[in-house]
Structure formats: structure tokens, C-alpha cells
Amino acid sequence: MGQFIDMALKVGDITEFEADAVLFKYAQRFYGASGHAAKRLELAGVPTAQLEVAPGARRLVETRGALTAPLALFLGTVRLGDFGYHEIRQFAVRALTALESHSGLAHVASTVHGPNYGLDEDEAVLAFVGGLVEAFQRGAGPQSLTRFTVVERDARRAQRLAQAMARGLSATPGVEALPGDVFRVRRMAAVTQAPPLASAGTVSMAKPHAFVAMPFAPELEDTYHYGILGPVKAAGLLCERVDQAVFDGPIIQRIRERIETAKVVIADLSLANPNVYLEVGYAWGRGRPTVLLVRDVKELRFDVASYRCIVYRSIRELETLLAKELQRLE
């Protein structure tokens, strides 16, 4: 590998992104971008069975025009419910190592992992980028590789992820900010990373976190990202929520584990989602500090109405009220 690698985060569809090779994970089932890519590859004559690799295994295939990039690397990983921050960091290291024998690769791209199934966005992207920087510093990857791009379809999420990535990289020795939100990482004699990159994916599970129980409904997305996420981050906590729709089997164990270890559980009871009430009941049963939220008291069900609940009329009001509540819990 050369003496530097340029890293950037761009908005786009990974299946249509211009690069020499693109990366996907196979978490013992296809999800999201990897599933979309697999369907396109199958139409081009690449059997899906070839991409279903066991944990630790890998498969590099020619895309035959099904994807914009000529090569696609599928890495087998543990099931999605077990693919946490540490696994994300190791995935990045594995990816560069797997491509070492393929000369001529100058530009590799991948999606970020974690946000779509409940992990803290910032921590997830920092774990991934931290793994890439670590692998580069240790000499992994093709000698020809000079650029790595993280690709995110959602423009607003891309903006948030880019900001987190910039915070981690800009504080790391040997990194130079270039025009176009590109960061040039230079090889150094030893692996040196700033705390945000060094800790992401290594001690993430030891960091205090908030578990957010709320419906994954479009009308509540801004509530989460702008009313809840900000105050939680300001309180120094990772912010996690689990979307039951993306898991291929029972997820109650993961929910239990993250509730049991949460510093605080935040539950938005808007839309009267029964799963949210179940998670609140479990949090109470485990004695976890719990903050209840609702847009309108008329949406409350059962006897929860007798408990203290933050009623918010706007996202800005929620942000203010929740910040005060989290300060009270410290």
C-alpha cells in the first residue's frame, strides 16, 4: 500500500457507485444493500448461493455489469443481532486484508454498518473508519489502494455520519483535511489514533448508553434524530434503538441485554405501539431509570397515564425537556 489513503463519505447507492471494488457483508442472511446487490448479481448470472459465505469466509466476484464497480467482495459475518461495534471494526480490517492480493485496486467503497439495526450512528461509523485506519497503518490492503469511500443513500444520515467521521479523523495525528470533505491519512511508524477512533469498536460496549424504545415510523424519524439523539449525545451517552423488522428471528435477547445495561431507557409512547410498552415493562422490571415521552396524552394506554410523562408539542420542546430530564438523572 502507498504512503497515504484518502477517505470520504458520499451520498449514493453502493450498487451504482463508481469504484474498483465494493464491499458487502453476508450476516448469514442478506439485508439492505447486500441483498439488493445479490439480486442484481443473480440476474447477471452470479448465483446467490456463491455469495452466502460462512462467518470468516469471503468471496470476490466479477459483477458482470450488474453493479457499477467491476468487483464485489462479500465477507461472511456473524448473524446481524451479534454484529456489533467490535465486529464492525474487525470487518473493516478483514476487508482490506482480503483485497491485498488483488493489484490494481485504487478505489474501494462500502456502506456503513449498524445504524439500520439499532447501533449508535456515530460510534458505528467511527468503528468502521477506525478499523480502516488501523489496517492501513499496519500495512494491510492492496499496494495500489489510495482511496476509500463510505457510501450512504440517505442524504440526512450521510450528513450526520460525515460530521462524526470528520470529528474522529481530524483529531487523529497524520490526517490532513482536503477540499471536498476528503481526509488524507498518511502512513506513520506506529498505529496512532485519536480517542474517538481508537475507542470505537474496541471499548464501545463499556461506554454508557441510552436505549430508545419507539416505533420505527416515518413520522417519528425527526423526533428521534433531532429531539432525542441530541440530548442523549450531550449527556455523553451512546444512543441505541432496535428495529425488530430487520432481524430474522427472535430479538428479545438483544433488547433485554441493551435494556439491562442501559444507563437510561427513553420510551416514546406516541402511536401506542405494543412493543414499546413491552420494552417499558421490561425496563421497569429490571429497575432501569425510564423516561416516558408522548406527543398527546390521548395516545397513552393502560395505566401508564398515572406515571410522570414528558408531553411535547414540538421537536424543539422535546429536545429542551429531555435535556433537563437527563441532567436530573445524572
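Residues numbered from 1 in each chain as written. Predicted model: local features only at pLDDT ≥ 70, side-chain atom pairs only at ≥ 80, totals over all residues. Heavy atoms only, no water.

## Examining the sheet that holds strand β5 (residues 107-111)
Read from one edge of the open sheet, eight strands run β3-β4-β2-β5-β6-β1-β8-β7, paired in mixed fashion. Sheet topology places β3 (58-62) and β7 (175-178) at the edges, where each strand pairs with a single neighbour. Ignoring which end each strand starts from, the neighbouring axes of this sheet average 25° apart. As paired strands, β5 and strand β6 (residues 147-152) are joined by five bridges and run parallel to one another. Looking at the pairing, Ala109 lines up with Thr149 of β6. Each of β2 (21-26), β3, β4 (71-76), β5 and β6 touches helix α2 (residues 85-98); the most contacted strand, β4, lies at about 130° to it. Across the sheet, helix α4 (residues 155-170) is in contact with β1 (4-11), β6, β7 and β8 (182-186); its angle to β1 comes to roughly 155°. (Pairing = 2+ DSSP bridges. Helix = DSSP H or I, 4+ residues; strand = E, 2+ residues; numbered from the N terminus. Axes fitted to C-alpha atoms, helices over the stretch in contact; angles between N-to-C directions. Contact = heavy atoms within 4.5 Å.)

## Overview of the packing of aromatic side chains
For the coordinates displayed, the defined rule picks out six aromatic pairs. Where Phe83 meets Phe91, the ring centres are 6.1 Å apart and the plane angle is 85°; that geometry is what we call edge-to-face. Classification of Phe91 by relative accessible area gives buried; the value is 1%. Ring pairing ties together the aromatic residues Phe24, Tyr26, Phe30 and Phe74, which thus form one cluster. Between the NZ or CZ atom of Arg241 and the centre of the ring of Tyr224, over which it lies, the distance is 3.9 Å. (Phe/Tyr/Trp six-rings, centres within 6.5 Å; stacked < 30°, edge-to-face > 60°. Buried < 20%, exposed > 50% of the residue type's maximum accessible area, 1.4 Å probe, protein only. Lys NZ or Arg CZ within 6 Å of the ring centre and 35° of its normal.)

## Brief notes about helix α7 (residues 252-260)
Where α7 is concerned, the buried positions are Arg254, Ile255, Arg258 and Ile259. Taken down its axis, α7 places every buried residue within 125° of arc, on the same side. Where α7 is buried, its residues touch β9 (209-213), β10 (238-240), β11 (264-268) and α8 (274-285). (Arc of directions from axis to C-beta.)

## Quick notes on the pattern of salt bridges
In the structure shown here, the tally under the stated rule is 19 salt bridges. Of the charged contacts, one joins Lys233 and Asp122 as a salt bridge, the two residues approaching to 3.8 Å between their closest N and O atoms. Of this pair, Lys233 sits in helix α6 (residues 221-234) while Asp122 is found in helix α3 (residues 121-137), placing the two residues 111 residues apart along the sequence. The residue Arg241 makes a salt bridge to Glu221 at a minimum N-O spacing of 2.9 Å. Of this pair, Arg241 sits in the loop between β10 and α7 while Glu221 sits in helix α6, and the two are 20 residues apart along the sequence. Residue classification places Glu221 among the partly exposed residues on the basis of a relative accessible area of 22%. Salt bridges sharing common partners tie together Asp120, Asp122, Arg167 and Lys233. (Salt bridge = Lys/Arg side-chain N within 4 Å of Asp/Glu carboxyl O.)

## Focus on the pairing of β4
Extensive coverage of β4 is indicated by the burial of six of its six residues. Judged by which residues are buried, β4 turns out to be covered on both faces: Leu71, Leu73 and Leu75 on one side and Ala72, Phe74 and Gly76 on the other are all buried. Where β2 lies against β4, six bridges are found, and the strand directions are parallel. When the sheet's bridge partners are listed, Leu23 is paired in β4 with Leu73. For β3 and β4, the ladder comprises five bridges, and the chain directions are antiparallel. The residue of β4 that forms the bridge with Arg58 is Leu75.

## Some remarks on α4
Given a rise of 1.5 Å per residue, 16 residues ought to cover 22 Å, and the 22 Å separating the end C-alpha atoms of α4 matches this to within 8%. Among the residues making up α4, those that are buried are Arg157, Ala158, Arg160, Leu161, Ala164, Met165, Gly168 and Leu169. For α4, the buried positions fall inside an angular range of 165° around the axis, keeping them on one side. Opposite the buried face of α4, at more than 90 degrees from it, the exposed residues are Gln159 and Ser170. Among the residues of α4, the N-terminal cap falls to Asp154, whose side-chain oxygen and the backbone nitrogen of Arg156 are separated by 3.0 Å. (Expected span 1.5 Å × (residues − 1). Polar contact = N/O pair within 3.5 Å; in protein donor to acceptor, adjacent residues only side chain to side chain.)

## With respect to the nonpolar core
Counting 51 residues, the largest nonpolar core has Met7, Phe148 and Leu169 as its most contacted members. Where this core is concerned, the elements lending two or more residues are β1, β2, β4, α2, α3, β6, α4 and β8. Of the residues forming this core, the biggest block, ten residues, is contributed by α3. Residues contacting Phe148, with those up to four places away along its chain left out, are Ile5, Asp6, Met7, Ala8, Leu23, Leu96, His107, Val108, Ala109, Ser110, Phe128 and Leu132. (Core = buried A, V, L, I, M, F, W, Y, C linked by side-chain atoms within 4.5 Å.)

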